[in-house]
Structures are given as structure tokens and as C-alpha cells.
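# Architecture at a glance
Residue-level listing of the chains:
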Amino acid sequence: FKEGDEVFGSMPPFGGTLSEYIVAPLHQICHKPSKMSFVEAAAIPLVGLTALQALQPHEDNCKSIAIVGASGGTGHVVIQVAKSMGFTTIIAIASQRNHEFCKLLGATDVI
């Protein structure tokens, strides 16, 4: 990393995330994709980690998943991560008004 790089990531608890400047652990930050806004990047670390931690233990022995609250703050990321990890059946459980949204994200079935 060099001065001026646009980065995002997460910090250990009480690490100064509300500070103007911080010293961040290198293993917890990465370059921000140029097409992603800072607001979008700020939303990714915790929900992305939650999705990975929920899915990784099952990726080798299961290719189907049902996601309760699939259109919510974490659920909509779980759909996308599951699809990228190769899950073949992704059942999204969401309110009727969000069915199309879940399908656009990669759900194979929505109830």
C-alpha cells in the first residue's frame, strides 16, 4: 500500500474506527475496487465475513442452501457469496415484494 491508496476493511474492536487516522492491520484491509463507492465498501467487511463464515464449513459437502431473511442486510450478501462459491441450489426465503430482488442476486428459488 502507498499513500493515497483507496482502501477498505475492518478493525479489531476499539481500534479507533471513528478516528480521522488509524493504523490498520494489513491482513484486514485491501484496495477498494475503483467502481465501488466508499459507502458501498464500508458495508462489505462485516456482512461479507459473516457470509463466508456461515458458508465455508459447508462448501465441500453441500451445494444447496436455504437463506432465511435473504433480502436483508446480511442475507442479500449470502446469496451472492453462495453463488460465487458454487452452491447450485440457493433457496431465498423473503417477503413477496423482494422475490425478484433475490432472483436478480442469484437465488435459484424464492419462497
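None of the values given here were measured: they were computed from a predicted structure. (Residues numbered from 1 in each chain as written. Predicted model: local features only at pLDDT ≥ 70, side-chain atom pairs only at ≥ 80, totals over all residues. Heavy atoms only, no water.)

## Focus on the sheet that holds strand S5 (residues 109-110)
Spelled out, the test is: The pairing criterion is simple: DSSP has to find at least two bridges between the two strands. For helices the rule is a DSSP run of H or I covering at least 4 residues; for strands it is a run of E covering at least 2, with both sets numbered from the N terminus onward. We call two residues in contact when some of their heavy atoms are within 4.5 Å. Axis definition: a line fit to C-alpha positions, over the contact stretch in the case of helices; interaxial angles, taken between N-to-C directions, run 0 to 180 degrees.
Pairing is parallel across the open sheet formed by three strands, whose spatial order is S3-S4-S5. Both edges of this open sheet fall to strand S3 (64-68) and S5, since each of them pairs with a single strand only. Looking at chain direction, S3 and strand S4 (residues 89-93) are connected through five bridges and run parallel. Within the sheet, the bridge partner assigned to Ile65 lies in S4 and is Ile90. Sheet strands in contact with helix H2 (residues 75-84) are S3 and S4, and its direction is about 170° off that of S3.

## Description of the nonpolar core
Short version of the rule: Residues belong to one nonpolar core when they are buried, are Ala, Val, Leu, Ile, Met, Phe, Trp, Tyr or Cys, and are joined through side-chain atoms within 4.5 Å. Each residue's exposure class comes from its accessible area (1.4 Å probe, protein chains only) as a fraction of the maximum for that residue type: buried when under 20%, exposed when over 50%, partly exposed otherwise.
In this structure, Leu55, Ile65, Ile79 and Cys102 are the most contacted members of the largest nonpolar core, which totals 20 residues. Ranked by residue count, the leading element in this core is H2, at five residues. Excluding residues within four positions of it along the chain, Ile65 makes contact with Leu55, Val78, Ala82, Phe87, Thr89, Ile90 and Ile91.

## Side note on a nonpolar patch on the surface
Short version of the rule: To count toward a patch, a residue needs a relative accessible area above 30% and no salt bridge. Like charges then connect within 9 Å, nonpolar side chains (Val, Leu, Ile, Met, Phe, Trp, Tyr) within 5 Å. For accessible areas, the Shrake-Rupley method is used with a probe of radius 1.4 Å. Any residue's cover is judged against the shown protein chains and nothing else. The salt bridge criterion pairs a side-chain nitrogen of Lys or Arg with a carboxyl oxygen of Asp or Glu, the two atoms within 4 Å.
A grouping of Val68, Ile93 and Ile111 is seen on the molecular surface, where their side chains present a nonpolar patch of about 290 Å² in accessible area. Examined against the element boundaries, Val68 turns out to sit in strand S3. Owing to a relative accessible area of 69%, Val68 belongs among the exposed residues under this scheme.

That is the geometry; function is a separate question.
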